[in-house]
Number of protein chains: 2
Amino acid sequence: MLKVIVLGFGNVGQQLAQAFYHADTIDLVQVYSRSKASAHELPKELITSDIKSLKKAEIYVVAVPDDAIASFTQSFPYKEALVAHTSGSVSIETVSNTHRKAVFYPLQTFSKDREIAWSEVPICLEATVAEDKATLQQLAAAISDTVVWMSSEKRRTLHLAAVFLNNFVNHLYHISEEIINEQQLDFKLLLPLLNETAQKVRDIAPIKAQTGPAKRNDLKTIEKHLALLQQPNQRDIYQLLTKSIQATYGKEL
Amino acid sequence: MLKVIVLGFGNVGQQLAQAFYHADTIDLVQVYSRSKASAHELPKELITSDIKSLKKAEIYVVAVPDDAIASFTQSFPYKEALVAHTSGSVSIETVSNTHRKAVFYPLQTFSKDREIAWSEVPICLEATVAEDKATLQQLAAAISDTVVWMSSEKRRTLHLAAVFLNNFVNHLYHISEEIINEQQLDFKLLLPLLNETAQKVRDIAPIKAQTGPAKRNDLKTIEKHLALLQQPNQRDIYQLLTKSIQATYGKEL
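Residues numbered from 1 in each chain as written. Chains lettered and ligands numbered in written order. Predicted model: local features only at pLDDT ≥ 70, side-chain atom pairs only at ≥ 80, totals over all residues. Heavy atoms only, no water.

Caption draft 1: Representation of the sheet that holds strand β6 (residues 100–106) of chain B within the structure. All names here are of chain B. On the basis of which strands lie adjacent, the open sheet formed by eight strands has the order β3-β2-β1-β4-β5-β6-β7-β8 and mixed pairing. With one partner strand each, in any of the chains shown, β3 (47–48) and β8 (147–149) form the two edges of the open sheet. Looking at chain direction, strand β4 (residues 59–62) and strand β5 (residues 82–85) are connected through three bridges and run parallel. Counted as the bridge partner of Val61 is Ala84 from β5. (Pairing = 2+ DSSP bridges. Helix = DSSP H or I, 4+ residues; strand = E, 2+ residues; numbered from the N terminus.)

Structure, rendered in structure tokens:
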């Protein structure tokens, strides 16, 4: 059993701790939560808010905000311990020099009260000490079927791509809901389309799956849409993305 | 058996014709295809490219480009026939005055060689003649579990929302793939995230599902991302969507 401690109990920390807790080959020794931990299914005795009472473990997984990784890892005890941060965009070097640095980045979006299918979440690993690779691999493979090793540079790019694919896509979902709510229509009506859009790219590259007025360079429909959009923000986004699609398919405005 | 003829054999026309062909309560009498029809599974004798040899049917479903609906429906025979166009953004009034006007709009994205789960596709109906409503309802219910009646105005808004949800989302998928290909990473790595993003909004409204640096107002990560983006087009989209998310959550730049 691999002895693991999770530090940080936000969305990522909570979900990771629960995944480790349920994994057969992992011994979740302790969880550090700065503030009083909210509702969760872990035994209370596992959780501490006192960094000085931190126990020993083979690997410490740090799930704190990006900005806090450097100062937090400096402050905590057990020099020479194996310490992995969980951020997509932060370099492995950010972990304090007093530790064996590593990265354990789960490529997924985490929300409160939303269960994650951990076996499908790619875990992106990085280590500075060769001997730590087996430990990290074992930890990742205990909860996921997809374990990938990559440099901080590649991980940063992956995280950037994920921002477009998740953050920005979700924001477009939100705008879509705003637009249809204005007409007292139900967002649920759009779910089959939303789903097919996501499913389609499993079989067809997005560049080939593109449809719609911008792709067809259907200027009449584009004009009608712009006239319908009341919020300047929605208009700006419509125009920029339309221009980008037109340019992608060689139809400049 | 309801006698139906489909006119137009692009992505929508082909998929509709096949759905009607397989429906138990529908008699697909004929399909009009202007050009030689490409590979499909319909019996050849069903297909004609001669508008003058058009047969009689209870309803004619017109799946031609938006711009062609007016002139095309003017040109074809059988005055007083029930003629439905299939466009999201075109008014019902666009159908030629010589016919009983209707709309049969399937809210989905159609690509070549991609099978559609028709039972899940919302069909949005509209009619000008009250007596035609039963025919349209029967036709739609024969292939889909979700049949909705709505005005041209509401349908136009729905179509606009669909452009954000499908066209623009798919374009963000494409940009995401561009970014990750530059680092020789595999787009497949992002599919679990893409899928979870789409699944999540079934349970959580997009406004609540939002995560990421823009939502957190994490300016450091935003700066790093902008520095990484080489293409001006990608930078512009990143900046505008980030600004829009920040504004949505009350964090103006």
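Caption draft 2: Inspection of the relation of the copies chain A and chain B at higher detail. Superposing chain A onto chain B takes a rotation of 180 degrees combined with a translation of 0.0 Å along the rotation axis, leaving an RMSD of 0.0 Å. As the rotation angle and translation indicate, the two copies are arranged about a two-fold axis. Among all residues of chain A, the minimum C-alpha distance to the rotation axis is found for Val169(A), at 2.8 Å. When you check the interface residues of chain A against chain B, 100% turn up at the interface there too, and the contact is symmetric in its surfaces. (Least-squares fit on C-alpha atoms with pLDDT ≥ 70 in both. Contact = heavy atoms within 4.5 Å.)

Caption draft 3: Seen up close, the sheet that holds strand β2 (residues 26–32) of chain A. Residue and element names in this part refer to chain A. Taken together, eight strands build an open sheet; the order of strands is β3-β2-β1-β4-β5-β6-β7-β8 and the sheet is mixed. Two strands bound the open sheet, and with one partner strand each, they are β3 (47–48) and β8 (147–149). Summarising the sheet, strand β1 (residues 2–7) and strand β4 (residues 59–62) pair through four bridges and their orientation is parallel. Of the residues in β4, the one forming a bridge with Val6 is Val61.

Caption draft 4: Structural detail: the interface of chain A and chain B. The interface is formed by 89 residues belonging to chain A together with 89 residues belonging to chain B. Interface area lost by chain A to chain B is led by Arg114(A), Phe164(A) and Leu165(A), which between them contribute 9%. Remark: the boundary between chain A and chain B carries 44 residue pairs in polar contact (both at pLDDT 80 or more). Listing elements by their share of the side of chain A that touches chain B, those giving two or more residues are α4 (152–182), α5 (191–203), α6 (206–209), α7 (213–216), α8 (219–228) and α9 (232–248) of chain A. Tallying contributions element by element places α4(A) first for the side of chain A that touches chain B, with 26 residues. (Buried area = accessible area lost by both parts, 1.4 Å probe. Polar contact = N/O pair within 3.5 Å; in protein donor to acceptor, adjacent residues only side chain to side chain.)

Caption draft 5: Broad picture of the packing of α4(A) against helix α5 (residues 191–203) of chain B. For the pair α4(A) and α5(B), interaxial distance at closest approach is 9 Å and the crossing angle is 20 degrees. It follows from the interaxial angle that α4(A) and α5(B) lie roughly parallel. For α4(A) against α5(B), the interelement crossing comes out right-handed. Mapping the contact onto sequence places Ala162(A), Leu165(A), Asn166(A), Val169(A), Asn170(A) and Tyr173(A) in α4(A) and Leu193(B), Leu194(B), Thr197(B), Ala198(B) and Val201(B) in α5(B). Residues that form the contact of α4(A) with α5(B) fall into these classes: eight nonpolar, three polar and no charged. (Axes fitted to C-alpha atoms, helices over the stretch in contact; angles between N-to-C directions. Parallel < 35°, antiparallel > 145°, perpendicular 65-115°, else oblique. Left-handed = near helix turned anticlockwise from the far one by under 90°. Nonpolar A, V, L, I, M, F, W, Y, C, P; charged D, E, K, R; others polar.)

Caption draft 6: Broad picture of the pairing of β5(B). Residues and elements named next belong to chain B. Judged by which residues are buried, β5 turns out to be covered on both faces: Leu82 and Ala84 on one side and Val83 and His85 on the other are all buried. Following the backbone out of β4, through helix α2 (residues 69–75) and into the adjacent parallel β5, one traces a crossover that is right-handed. As defined by bridge partners, β5 adjoins β6 across four bridges and the pair is classed as parallel. Along β6, the bridge assignment pairs His85 with Val103. (Buried < 20%, exposed > 50% of the residue type's maximum accessible area, 1.4 Å probe, protein only. Right-handed = clockwise from strand over helix to strand, strands pointing away.)

Caption draft 7: Seen up close, the environment of Val129(A). Residues and elements named next belong to chain A. Within the element layout of this structure, Val129 appears in the loop between β7 (123–127) and α3 (133–143). With a relative accessible area of 25%, Val129 lands in the partly exposed category. Separated by 47 residues in the primary sequence, Val129 and Leu82 have C-alpha atoms spaced 9.1 Å apart.

Caption draft 8: Structural detail: the side chain of Ser176(A). Note on placement: Ser176(A) falls in helix α4. Look at Ser176(A) and you get buried, because its relative accessible area is 0%. Not counting residues within four places of it along the chain, the set of residues in contact with Ser176(A) comprises Phe187(A), Leu190(A), Ala161(B), Ala162(B), Phe164(B) and Leu165(B).

Caption draft 9: Main features of the pattern of salt bridges. All names here are of chain B. Under the criterion given, the structure shown has 16 salt bridges over all chains. We note a salt bridge from Arg155 to Glu126, for which the minimum N-O separation is 2.6 Å. Of the two residues, Arg155 is situated in helix α4 (residues 152–182) and Glu126 in strand β7 (residues 123–127); the sequence distance between them amounts to 29 residues. For Glu126, a relative accessible area of 12% puts it in the buried group. Arg216 serves as the salt-bridge partner of Asp218, at 3.2 Å between the closest nitrogen and oxygen. (Salt bridge = Lys/Arg side-chain N within 4 Å of Asp/Glu carboxyl O.)

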